[in-house]
Amino acid sequence: MTAHSPTSLSRTETLSLLSLTFACVVILTNTFQGDGEPLIASLALSGLAFAATFAMIRWLGPTFMKAGLKGVDMSKHHRKEIPECMGAICAVVYLLVVIIFVPFPFYKDIVAATSGGGNRDVVLHVEHVQQGRFLHRFPHSKLASYLSAIISLQSIAILGIGDDLFDIRWRHKFFIPAFASIPLLVVYFVDFGVTSIVIPIPLQPYLGELFNLGPLYYVYMAGVAIFSPNSINILAGINGIEVTQSIVIAMLLAINDALYLITPPYPHPATDSHLFSLYFLLPFLGVSFALLWYNRYPARVFVGDTYCYFAGMVFVVVSILGHFSKTLILLLIPQIFNFVYSVPQLFGLVPCPRHRLPRFNARTGLLEPSITPWTVDRQPKPPIAWGLKMLHNLRLLRVTLDGQGRFVETTNFTLINLWLVWRGPLREDKLALELTAMQTVLGLFGLFVRHGLARVVFKEDNWGITGRW
Ligand code: UD1
Ligand code: MG
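Residues numbered from 1 in each chain as written. Chains lettered and ligands numbered in written order. Predicted model: local features only at pLDDT ≥ 70, side-chain atom pairs only at ≥ 80, totals over all residues. Heavy atoms only, no water.

The Subcellular location (unreviewed entry) comment attached to the chain in UniProt states, word for word, "Endoplasmic reticulum membrane". The Pathway (unreviewed entry) comment attached to the chain in UniProt states, word for word, "Protein modification; protein glycosylation." (UniProt positions renumbered as here; feature names shortened; annotations may be inferred.)

Printed below as a string of structure tokens:
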């Protein structure tokens with residue numbers, strides 16, 4: 001933001017955004033000359049989403065602050081207040097874009113219903129369309145799935161904004177994503193209804209090739225829906241990390257989708273579900289890159305819980321509707337570790353302060369692990385004390401004891417703090433970069449396991465089976 005007017009765009013920025021917008025609009029209008037080219041249209045709309053988010057964060061930041069949506073950046077010398085909840089802008093822009101996009105993937109079907117051969121001059125009579133085979137050709141179920149995804153994302157945006165406004169207690173807000181996933185699960189039930197999972201070869205003699213989880217599959221999907229958004233929200237607290245981890249996951253999911261689109265056999269049975277996944281991921285990347293511009297170190301805005309929930313829900317939506325939630329789980333390994341590692345604090349075995357983000361050492365300017373203090377009166381119970389010392393010996397925690405062996409402090413149970421225990425004090429941007437690199441490496445490994453190992457464990461990769469839209 002410029003020194004003169006923090007809310008306006010500089011001339012270069014305006015020109016760049018205008019050129020991007022112009023290029024995207026031209027591409028978008030051109031897609032109508034072919035078959036609608038939904039993937040190109042989605043790319044163009046994602047460019048527009050980037051431009052709109054970039055400008056609106058700049059314009060609306062101060063408005064958000066006036067409404068009380070602001071937060072203190074705790075890891076800086078000057079603890080400045082900056083706008084919070086910028087994820088709300090991303091969510092609104094994103095939702096508008098995916099709604100505007102609806103006609104594109106269905107363009108061919110609409111044309112088929114109106115002219116039969118792509119020639120819109122000869123419009124079929126209504127009775128032909130309604131009684132003839134054309135009515136059956138329109139993929140209503142695909143549209144229903146697409147719309148259910150939008151309703152779920154809209155719900156998570158509303159609930160996320162509510163959380164940012166009212167700072168809901170942790171144990172209550174944990175279930176917010178469960179409510180938001182209801183539209184998705186209901187439509188999945190009505191339309192798709194597949195509740196079987198493929199069994200790994202070694203277990204097939206006992207369980208068969210496919211195992212029907214029945215209603216449990218819905219419990220599993222609700223579990224994924226609760227986990228993904230929350231796990232992103234608690235791997236947070238340093239500039240940029242919420243957005244970079246989401247961008248890495250989204251890009252890896254997009255690479256996974258692209259693998260299905262470019263490798264023969266073509267068209268693959270799962271092509272449609274992976275195309276739809278891309279339609280949801282590309283605009284998400286558009287709004288996220290714009291947000292990262294402002295949230296990277298040194299942050300000029302905070303993303304808010306809205307963004308973390310929203311990002312997590314985008315992943316849930318694409319992986320459930322595309323029937324690849326196991327792949328999503330493979331890409332969430334750092335988040336799963338962080339969650340499991342957090343359990344002692346989340347479930348109250350060890351006290352959990354409101355904030356567990358790393359401690360800023362004003363003298364060195366570096367981040368150090370934040371700690372939970374223990375007093376002489378409040379010491380951990382013997383089994384917990386044993387566990388804490390054990391973790392310390394395994395280098396999975398740092399415990400400080402006094403001369404008499406009493407607990408003085410333990411580091412907080414987050415992956416970010418643990419990283420600092422391992423690596424020593426780090427500057428905030430370096431820490432975020434290292435964690436993002438780790439997420440990328442583990443994610444790529446996850447994809448390798450998914451496609452390399454899957455052939456060994458599952459006889460054939462999903463490339464050969466299922467996937468229906
Ligand atoms: C989660 C974590 C909490 C962590 C917080 C940081 C759990 C159970 N909760 O809580 O430990 O401290 O996220 O986001 O693990 N902030 C910064 N710098 C940043 C990002 C955030 O100082 O780069 C501070 C700001 O004051 C900001 C606040 O964190 O206003 C946002 O916290 P919030 O998202 O409300 O915390 P939770 O999601 O509830
Ligand atoms: Mg948060």
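Having seen it, we continue.
A. Region of interest: the site of ligand 1. Near ligand 1 lie 20 residues; those nearest to it are Val-72, Glu-84, Lys-173, Asp-305 and His-355. One of the side-chain N or O atoms of Arg-354 is found 3.1 Å from an oxygen atom in ligand 1. Contact between ligand 1 and Arg-356: an oxygen atom at 2.8 Å from a side-chain N or O atom of the residue. Counting atoms within 2 Å of the grid points, the majority share of ligand 1 lands in the largest pocket. Elements supplying a minimum of two residues to the shell around ligand 1: β1 (70-72), α8 (170-173) and α12 (215-234). Looking at side-chain class alone, the shell around ligand 1 contains nine nonpolar, five polar and six charged residues. (Near = heavy atom within 4 Å. Polar contact = N/O pair within 3.5 Å; in protein donor to acceptor, adjacent residues only side chain to side chain. 1 Å grid on protein atoms, 1.4 Å probe; cavity = no way out; pocket = protein on both sides within 12 Å on 5 of 7 lines; lining within 4 Å. Sits in = over half its atoms within 2 Å of the grid points. Helix = DSSP H or I, 4+ residues; strand = E, 2+ residues; numbered from the N terminus. Nonpolar A, V, L, I, M, F, W, Y, C, P; charged D, E, K, R; others polar.)

B. Quick peek at the coordination of the magnesium ion (ligand 2). For the magnesium ion (ligand 2), the protein coordination sphere consists of Asn-233 (OD1) and Asp-305 (OD), at 2.0 to 2.1 Å. Here Asn-233 is found in helix α12, whereas its partner Asp-305 is found in helix α15 (residues 304-321), with 72 residues between them in sequence. The same class applies to Asn-233 and to Asp-305, which are both buried. (Donors = N, O, S within 2.8 Å, 3.2 Å for Na, K, Ca; no water. Buried < 20%, exposed > 50% of the residue type's maximum accessible area, 1.4 Å probe, protein only.)

C. Looking closely at the nonpolar core. Tyr-94, Leu-153, Leu-253, Phe-280, Leu-291, Phe-310 and Phe-315 are the most contacted members of the largest nonpolar core, which has 90 residues in total. Beyond its immediate stretch of four places on either side in the chain, Phe-315 contacts Ser-228, Ile-232, Ser-246, Ile-249, Ala-250, Leu-253, Leu-281, Phe-284 and Leu-328. The next biggest cluster of nonpolar side chains, apart from the first, holds 14 residues, and it includes Leu-235, Leu-367, Trp-419 and Leu-431. (Core = buried A, V, L, I, M, F, W, Y, C linked by side-chain atoms within 4.5 Å. Contact = heavy atoms within 4.5 Å.)

D. Broad picture of the packing of aromatic side chains. All told, the structure shown has 25 aromatic pairs when counted by the stated rule. Measuring from ring centre to ring centre gives 5.9 Å for Phe-189 and Tyr-218, while their planes differ by 75°; the resulting arrangement is edge-to-face. Of the two residues, Phe-189 sits in helix α10 (residues 182-192) while Tyr-218 sits in helix α12, which places them 29 residues apart along the sequence. Residue classification places Tyr-218 among the buried positions, given a relative accessible area of 18%. Three or more aromatic residues joined by ring pairs form one cluster here, namely Phe-101, Phe-104, Phe-106, Tyr-146, Phe-276, Tyr-279 and Phe-280. Across from the ring centre of Trp-293, 4.4 Å away, lies the NZ or CZ of Arg-296, which sits over that ring. (Phe/Tyr/Trp six-rings, centres within 6.5 Å; stacked < 30°, edge-to-face > 60°. Lys NZ or Arg CZ within 6 Å of the ring centre and 35° of its normal.)

E. Structural context of the side chain of Thr-410. With respect to the secondary-structure elements, Thr-410 resides in strand β9 (residues 407-411). Looking at Thr-410, the relative accessible area reads 0%, which means it is buried. Engagement of the side chain of Thr-410 in a polar contact is seen with the side chain of Trp-374, the distance being 3.0 Å. If we ignore the near neighbours within four places in the chain, the residues touching Thr-410 are Ser-370, Ile-371, Thr-372, Trp-374, Leu-388, Leu-397, Arg-398 and Val-399.

F. Structural view of the layout of surface pockets. Size it by volume and the largest pocket reaches roughly 1200 Å³. Along its surface, the largest pocket is lined by 44 residues, and Lys-173, Asn-233, Asp-305, Arg-354 and His-355 are the ones closest to its centre. Elements with a contribution of two residues or more to the lining of the largest pocket: β1, α7 (140-166), α8, α12, α15 and α17 (333-346). Here the lining of the largest pocket is composed, by residue class, of 19 nonpolar, 12 polar and 13 charged. (Points joined across faces, edges and corners; volume = space filled by probe spheres on them.)

G. Region of interest: helix α1 (residues 11-31). Look at α1: 30 Å from first C-alpha to last across 21 residues, which is about the 30 Å you get at 1.5 Å a residue. Along α1, the positions that sit buried rather than exposed are Glu-13, Leu-17, Cys-24, Leu-28 and Thr-31. Buried residues along α1 cover an arc of 55° about the axis, so they all sit on one side. Counted as exposed and oriented over 90 degrees from the buried face of α1: Arg-11, Thr-12, Leu-15, Leu-18 and Phe-22. (Expected span 1.5 Å × (residues − 1). Arc of directions from axis to C-beta.)

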